[in-house]
Amino acid sequence: MRKEDTVKLISAEGFEFIIDRKAALVSNTLKNMLTSSGSFTETELGEVRFPEISTPILEKVCQYFYWSLQFASGKETEFHIEPEITLELMMAANYLHT
């Protein structure tokens, strides 16, 4: 897979998630960051830092991106969310417009 086809998402703790660009574009916020005109770091490097989103939450967000792509293509499966991360996950989803 080419570097242009992937995006690197970096959690508050510095953990890096490399995901398909198509999956990242599920998020309107990421879509705007990665496709905007101009020489923004996110657009040029294909890398976005999230100093307020912890590693476990960002991991779940990445899982959701892939689940959303599958759901949109007609594969209906459940997306399980552990109750103890619900609030933090909702705050991240709100920020990412997902």
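Just so it is clear, the model here is predicted, and its values are computed rather than measured.

Draft legend 1. Helix H5 (residues 86-96), seen in detail. Every buried residue of H5 is accounted for by Leu89, Ala92 and Leu96. The buried residues of H5 all sit within an arc of 65 degrees when viewed along its axis, so they share a single face. Away from its buried face by more than 90 degrees, H5 exposes Leu87, Met90, Met91 and Asn94. Check the buried side of H5 and you find it contacts helix H2 (28-35) and helix H4 (55-72). Positive backbone phi, approximately 55 degrees, marks His97, located one or two places after H5.

Draft legend 2. Broad picture of the environment of Gln63. Within the element layout of this structure, Gln63 appears in helix H4. Look at Gln63 and you get partly exposed, because its relative accessible area is 36%. Between the C-alpha atoms of Gln63 and Ile19, which are 44 residues apart in sequence, the distance is 9.7 Å.

The rules behind each value
- Residues numbered from 1 in each chain as written.
- Predicted model: local features only at pLDDT ≥ 70, side-chain atom pairs only at ≥ 80, totals over all residues.
- Heavy atoms only, no water.
- Buried < 20%, exposed > 50% of the residue type's maximum accessible area, 1.4 Å probe, protein only.
- Helix = DSSP H or I, 4+ residues; strand = E, 2+ residues; numbered from the N terminus.
- Arc of directions from axis to C-beta.
- Contact = heavy atoms within 4.5 Å.

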